[in-house]
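Residue-level listing of the chains:
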Amino acid sequence: MQNKGLIKLFALLFGLVSIYQLSFTFRANQIEDTAEQAAIAKYAETEDDYQTKRNIEEVRYLDSLKTSKIKVGDKFESIDVYNLGFAKYTYTEVENNAMNLGLDLKGGINVILQISVRDILKGLANNTKDPVFNKALDDAEELQKDSQDSYLQSFFTAFDAIKGDTKLASPDIFANRTLSDEIKFDMSDNEVKSIIETKIDESIVSAFEVLRKRIDKFGVTSPNIQRLGNSGRILLELPGAKDIERVTDLVTKTAQLQFWETYKTQEVLPYLMEVNQNLIEENEKKEAKEEITEEVVDATEVQDETSSAIDELTGQIETDSTNVANINPLGIQGYGNGGSVVGMFLAKDKEKVMEQLNAPKNRASLPAEMRYVRFVWGLQEEDSEFSQLYAIKGNRDGVPELSGAVISDARQDYDPVSRPAVSMQMNAKGAKIWEEMTKKAYETQGFIAIVLDNIVYSAPSVSSGPIAGGNSQISGAFSLTEAVDLANVLRAGKLPASAEIVQADVVGPSLGQEAIDSGMKSFVIALAFVLLWMIFYYGKAGGFADIALLLNILLIFGVLASLGAVLTLPGIAGIVLTIGISVDANVLIFERIKEEIAKGKSQKESIKDGFSNALSSILDANITTGLTALILFVFGTGPIKGFATTLIIGILTSLFTAIFITRLLVDWYVNRGGKLEFSTGLTKNLFTNVNIDFLKKRKIAYIISGAFILASLGSLFTTGLDQGIDFVGGRTYQVRFDQEMSVEEVKNDLNAVFESAEVKTIGGPNQLKISTKYLVEDSSNEADEKVQSMLFTTLQKYLPEGMTYAEFLDGSGDKAIGKMLSSKVSPTIADDIKKSSIWAILGSLVVVFLYILLRFKKWQFSLGAVAAVFHDVLIVLGIYSLTWRFMPFSMEVDQTFIAAILTVIGYSLNDTVVVFDRIREYFNENLGWKFDTTINRSINSTISRTLNTSLTTLVVLLAMFLFGADSLKDLLFALIVGVIVGTYSSVFIATPIMYDTAKKGNATEALKKKVKEDDEEA
């Protein structure tokens, strides 16, 4: 093997980088454990709502590590929590470099938001009262229930159906003053539709930017926010988020950009001083009351104490002037210098300060002209512990003189001294108002605050006269990225649109920890078996393969951490599955080396030829599996995408370690004079003289498979599948009790309330999975709360006495009793998920068909492979259809099941391609053999590899199934069935079908000639 030194260097560096990257994960886990223990120590289980208090305390502890600073010299610097000697890292840096755990492992929330295109359309039409327009909006809602079109397309369809003489370019609809620069009265409907489509897309992009900005400020680790195509949907994942109500409010409230005049420092300063003085007096009163004892004293003593207290309150007794709480209880850290900033406060005191400034008793003393003043915080600087306070000139209606609806464009720019800035353009109406506002600000030397989501982003002065034409520039202490973001946010304010949660998955942290523990347990058991099996079967060579396999695992986790990929439960399944099938490469190599040794070649020559001859099969098998994983990555969302990511990474690292690292170790041992048998005493002659006429048994196989397929189709058409809410819509809850539950009893109770409910034991007799389509058409937060409340009320008699609704939602106590997980999918998105899943399966089949056709040059090979895949998929579906009613675990057909089907496709193809590669090779080497002889010998020669790989993969899956998380059992069951059926079909379906179609006519001879031509070209 050439370039051994380069490969060694690369492997060493790759391994060290992986260890370095994973060290952040270990350190982050230590810090989080410390935070958890601190929260447990502070709040005992005897306290009311202790779990919520612990969650808040844990978040507070971790936030303090991010925000607290220590003085180093003349500067304040963040606290270092990780010291490697050559580098130091803060908690934020450690957190950013650590491996990201998905929702199912860490707990949190996963939602898909639907930006309301209806709201955007109403905004574009200036909330018109036009009856045709509003009727079209209502009709579009109805069309959406049975349509795969976007809401906008449904609106256009509905409008065209009822418009009569009404045009989209009507001044009462889109040819209004707001859009007058772009939509003219004489435009056709098609011209207007094109403009509206662009406007809608811009609005959704802008809404995405607003949501991203909000989520970034929320403070969770590795949030994931993605726009899903052009549907107006946005995927949002917040691992570790615990305050679900806050998250829901954060992502569903409507954003609006506003422009307000501000008060200057000197105008608000008296009020700040007065509020501060009021607090001083209140504190003095409290101290005075605390000094009065409850002991019974004589009248004289009482009188003396009362007089003393009164004297102190009226200022006749001096107080301790060194008491900071009495001097500055409002926490004023500084005042503005006559500009728009009226005061500076510590960021941690913002809530307390705002409470005092807005207290009715304090606001009552405001001058009449300031009675509508609004206090607003400025944008928090990342490295600052201080917050700036602004006072804007509000009014009775709370409506700004100018809103973001007038902005026609905003872009990142640079100011005269080359600092990043934001330029914006307003429409005609906005330009006129802006000119008046800036004229007034210029004449009064005032300021104009730009407010988004109740935060002042900038409050510039006007130094060069009124700004005409609607062009203006916002400058400040922006980085380039911040200026780009602000430009996006400014555009977002022009068309406020609500966001509705159409799918939500909430995972409790306790479930996540159980998933981690069970996942690690199954991982260790599966890995131990594979390592021992390789040594048992291949001796010392198996030990070298084990070293390569352990390095492979290290590299997989290292790459995942380096890429910032999110590890989920399906991701763990992908890793463990990779362990099982990665052995396949070494098995292929070792079996080929044994064949070369059997031919009488020397050890070194056999090793060289074995690695060389196995390369084609290894590449073909892994490429076909990789293609299905790629399709899964493209079509999947959330955890399924995580599964595909780990599988793709695992395939790449497996190829590197099996082909190069194993070769390095084997060559090193042999060059030192070591002897490798590639077998042990028990396995030396195993499968060496197998001579089974597989083709002769193909008719029996056809009959058996035909019977299974007929049974599967019959069950699918009669019983059907247990479709998860991913595919039909609805709400699902996983609830744990402290006792064994009767499914029928609970189901009867729930049916009386919800009319229809599915109840199933999952994981254990004390854990139920409850699904209902009650209020399925209503995706509002109110409907979610109503269904959840009804569920708690119905189940309350089965729950521990005294359990509150909050404890039920949180899964309280050491045994985690209550709601463990909940999911929600609207019918509209359920249809889309089902559609994308079908495309994922069909897409993978087409891609694989074309790849095999390209590699083997004959359509018969492609037909055999795809027929075997269809066979496998139908049987897996049939078994699910036949057994889902009585299995003790969930067998819902959902997105996770689609991951299993695509994995089965990949595994089946992996097996089939290895057999096909050997057939092609034997055609080349033994042109005189009969067609059926070539095929039978090809299958027999690969039987050792087939059984070895299938056995190791099956044991890995069984270990995960028996000891892993309950939430993965449906996925693993499908994979176990798929591996068994896939191994069978590669031998008894794919190859026989290829044989039966190729032997007709001159296909056999053509295949032989093609092999000859390829050999001559090579």
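Residues numbered from 1 in each chain as written. Predicted model: local features only at pLDDT ≥ 70, side-chain atom pairs only at ≥ 80, totals over all residues. Heavy atoms only, no water.

Student: Quick question: what am I supposed to make of helix α18 (residues 540–563) here?
Tutor: Residues three or four positions apart in an α-helix share a direction because the helix packs 3.6 residues into each turn. Look at α18: 35 Å from first C-alpha to last across 24 residues, which is about the 34 Å you get at 1.5 Å a residue. Among the 24 residues of α18, 17 are classified as buried, and the element is accordingly described as predominantly covered. One or two residues past the end of α18 sits glycine 564, with phi positive at roughly 75°. (Helix = DSSP H or I, 4+ residues; strand = E, 2+ residues; numbered from the N terminus. Expected span 1.5 Å × (residues − 1). Buried < 20%, exposed > 50% of the residue type's maximum accessible area, 1.4 Å probe, protein only.)

Student: Would you take a moment to explain the pattern of salt bridges for this structure?
Tutor: A side chain with one charge may pair with a side chain of the opposite charge, provided their charged atoms come close. Applying the stated rule across the entire model yields 28 salt bridges. The salt bridge involving glutamate 141 is made with arginine 118; its shortest N-O contact spans 3.5 Å. Of the two residues, glutamate 141 sits in helix α6 (residues 131–144) while arginine 118 sits in helix α5 (residues 117–124), which places them 23 residues apart along the sequence. Residue class for glutamate 141 comes out partly exposed when judged on its relative accessible area of 35%. (Salt bridge = Lys/Arg side-chain N within 4 Å of Asp/Glu carboxyl O.)

Student: Would you mind showing me how to read helix α24 (residues 743–754) here?
Tutor: The end-to-end C-alpha separation of α24 is 16 Å, in line with the 16 Å expected for twelve residues at 1.5 Å each. For α24, every residue scored as buried is listed here: Val746, Leu750 and Phe754. Projected down its long axis, α24 shows its buried positions confined to an angular sector of 50°, all on one face. Facing away from the buried side of α24 by over 90 degrees, the exposed positions are Glu744 and Ala752. (Arc of directions from axis to C-beta.)

Student: In this structure, what is going on with the environment of threonine 34? I would like to understand it.
Tutor: By secondary structure assignment, the location of threonine 34 is in helix α1 (residues 4–42). Linking threonine 34 and glutamate 58, residues 24 residues apart in sequence, is a C-alpha distance of 9.0 Å.

Student: Would you mind going over the sheet that holds strand β10 (residues 332–334) with me for this structure?
Tutor: Strand pairing in a sheet relies on backbone hydrogen bonds, with the paired strands running either antiparallel or parallel. Strand order in this open sheet of eight strands is β10-β11-β13-β12-β18-β17-β9-β14, and the pairing throughout is mixed. The two strands at the open ends of the sheet, each matched to only one other strand, are β10 and β14 (402–403). By the bridge criterion, five bridges tie strand β11 (residues 341–346) to strand β13 (residues 386–392) in an arrangement that is antiparallel. Across the sheet, residue glycine 343 finds its bridge partner in β13, namely leucine 389. Across the sheet, helix α13 (residues 350–357) lies against β11, β12 (374–378) and β13, angled at about 165° from β12, the strand it touches most. (Pairing = 2+ DSSP bridges. Contact = heavy atoms within 4.5 Å. Axes fitted to C-alpha atoms, helices over the stretch in contact; angles between N-to-C directions.)

Student: Teacher, can you tell me more about the side chain of threonine 983 here?
Tutor: Tracing the chain through its elements places threonine 983 in helix α32 (residues 969–998). Reaching out from threonine 983, the side chain makes a polar contact with the backbone oxygen of valine 979 at a distance of 2.7 Å. Among residues more than four places away in sequence, those in contact with threonine 983 are Tyr907, Asp911, Thr946 and Ser950. (Polar contact = N/O pair within 3.5 Å; in protein donor to acceptor, adjacent residues only side chain to side chain.)

Student: For this particular structure, what's the right way to read a nonpolar patch on the surface?
Tutor: A contiguous nonpolar surface patch, about 660 Å² in accessible area, is contributed by Leu630, Phe633, Val634, Phe635, Ile838, Trp839 and Leu842. Elements with a contribution of two residues or more to the nonpolar patch: α20 (603–635) and α27 (827–856). The element that contributes the greatest number of residues to the nonpolar patch is α20, accounting for four residues. The residue isoleucine 838 is located in helix α27 in this model. Look at isoleucine 838 and you get partly exposed, because its relative accessible area is 47%. (Patch = residues over 30% accessible without salt bridge, like charges linked within 9 Å, V, L, I, M, F, W, Y side chains within 5 Å. Areas by Shrake-Rupley, 256 points an atom, 1.4 Å probe, with all protein chains shown as cover.)

Student: Please explain the packing of α5 against α6 as it appears in this structure.
Tutor: The angle between the axes and the distance between the axes are what describe a pair of packed helices. Packing of α5 against α6 leaves a shortest axis separation of 11 Å and a crossing angle of 170°. In terms of orientation, α5 lies roughly antiparallel with respect to α6. The residues of α6 that touch α5, namely those facing Arg118, Leu121 and Lys122, are Phe133, Leu137, Asp138 and Glu141. The residue inventory of the contact of α5 with α6, partitioned by class, reads three nonpolar, no polar and four charged. (Parallel < 35°, antiparallel > 145°, perpendicular 65-115°, else oblique. Nonpolar A, V, L, I, M, F, W, Y, C, P; charged D, E, K, R; others polar.)

Student: Which parts of the structure should I look at to understand the pairing of strand β16 (residues 420–426)?
Tutor: Where burial is concerned, most of β16 is hidden: six out of the seven residues are buried. Bridge analysis of strand β15 (residues 407–414) against β16 gives seven bridges, and the strand direction is antiparallel. Opposite alanine 410, over in β16, you have methionine 424 as the bridge partner. Where β15 folds back onto β16 in an antiparallel hairpin, the turn is made up of five residues, including serine 418, whose phi is positive at roughly 65°.

Student: What is the right way to look at the nonpolar core in this model?
Tutor: Ranked by internal contacts, the top residues of the largest apolar core, which has 121 residues, are Phe590, Phe897 and Ile905. Considering each element in turn, this core owes the most residues, 16 residues, to helix α29 (residues 895–925). Contact partners of phenylalanine 590, with chain neighbours within four places excluded, come to Met534, Tyr538, Ala541, Gly542, Ala545, Thr662 and Phe678. Core analysis: the second largest hydrophobic core is formed by 44 residues, Ile109, Leu152, Ala169 and Ile225 among them. (Core = buried A, V, L, I, M, F, W, Y, C linked by side-chain atoms within 4.5 Å.)

Student: Just to check I follow, could you spell out the side chain of serine 679 for this structure?
Tutor: With respect to the secondary-structure elements, serine 679 resides in the loop between α21 (639–671) and α22 (698–718). Apart from residues no more than four positions distant in its own chain, serine 679 is found in contact with Tyr537, Tyr538, Gly539 and Lys684.

Student: Teacher, can you tell me more about the pairing of strand β18 (residues 455–458) here?
Tutor: Within a regular strand, side chains alternate between the sheet's two faces. Bridge count for β12 against β18 is two bridges, and the pairing is parallel. Bridge pairing in β18 places tryptophan 377 opposite isoleucine 455. Two elements, strand β17 (residues 448–452) and β18, share three bridges in a ladder whose sense is antiparallel. Of the residues in β18, the one forming a bridge with isoleucine 450 is serine 458. Here β17 folds back onto β18, and the loop between the two strands holds two residues, one of which, aspartate 453, carries a positive phi near 50°.

Student: Before we go on, may I ask you to explain the packing of aromatic side chains in this structure?
Tutor: To describe a pair of aromatic rings, you give the distance between the ring centres and the angle between the ring planes. Tallied over the full model, the rule gives 32 aromatic pairs. Judged by centre distance (6.1 Å) and plane angle (35°), the rings of phenylalanine 155 and phenylalanine 159 are tilted. Remark: phenylalanine 159 and phenylalanine 155 occur in helix α7 (residues 151–162); sequence separation between them is four residues, near one turn of the helix. There is no split in this pair, since phenylalanine 155 and phenylalanine 159 are both buried. Across the ring face of phenylalanine 611, the terminal group of arginine 663 is positioned such that the distance to the ring centre comes to 4.9 Å. Its guanidinium or amino end placed over the ring of tryptophan 929, arginine 937 lies 4.4 Å from that ring's centre, counting from NZ or CZ. (Phe/Tyr/Trp six-rings, centres within 6.5 Å; stacked < 30°, edge-to-face > 60°. Lys NZ or Arg CZ within 6 Å of the ring centre and 35° of its normal.)

Student: Quick question: what am I supposed to make of the confidence of the model for the protein chain here?
Tutor: Detailed reading of predicted coordinates is not advised where the pLDDT is low. On average, residues of the protein chain carry a pLDDT of 80, and 83% of them reach 70 or more. For the stretch residues 293–323, pLDDT sits under 50, and the model shows 15 contacts to residues farther than four places along the chain or on other chains. (pLDDT = per-residue confidence, 0-100.)

Student: Teacher, can you tell me more about the environment of tyrosine 43 here?
Tutor: Residue placement: tyrosine 43 occurs in the loop between α1 and α2 (50–67). On the basis of relative accessibility, which here comes to 18%, the residue tyrosine 43 falls in the buried class. A sequence separation of ten residues divides tyrosine 43 from lysine 53, and the C-alpha atoms of the two residues are 7.1 Å apart. Those residues in contact with tyrosine 43, other than ones at most four positions away along the chain, are Tyr50, Lys53, Arg54 and Glu57.

Student: Can you walk me through the packing of α22 against α32 in this structure?
Tutor: At a minimum axis separation of 10 Å, α22 and α32 run at an interaxial angle of 115°. Between α22 and α32 lies a crossing of left-handed hand. Across the interface between the two elements, Arg698, Ala701, Tyr702, Ile704 and Ser705 of α22 pack against Tyr984, Phe988, Ile989, Pro992, Ile993, Tyr995 and Asp996 of α32. Per-class residue counts for the contact of α22 with α32 are nine nonpolar, one polar and two charged. (Left-handed = near helix turned anticlockwise from the far one by under 90°.)

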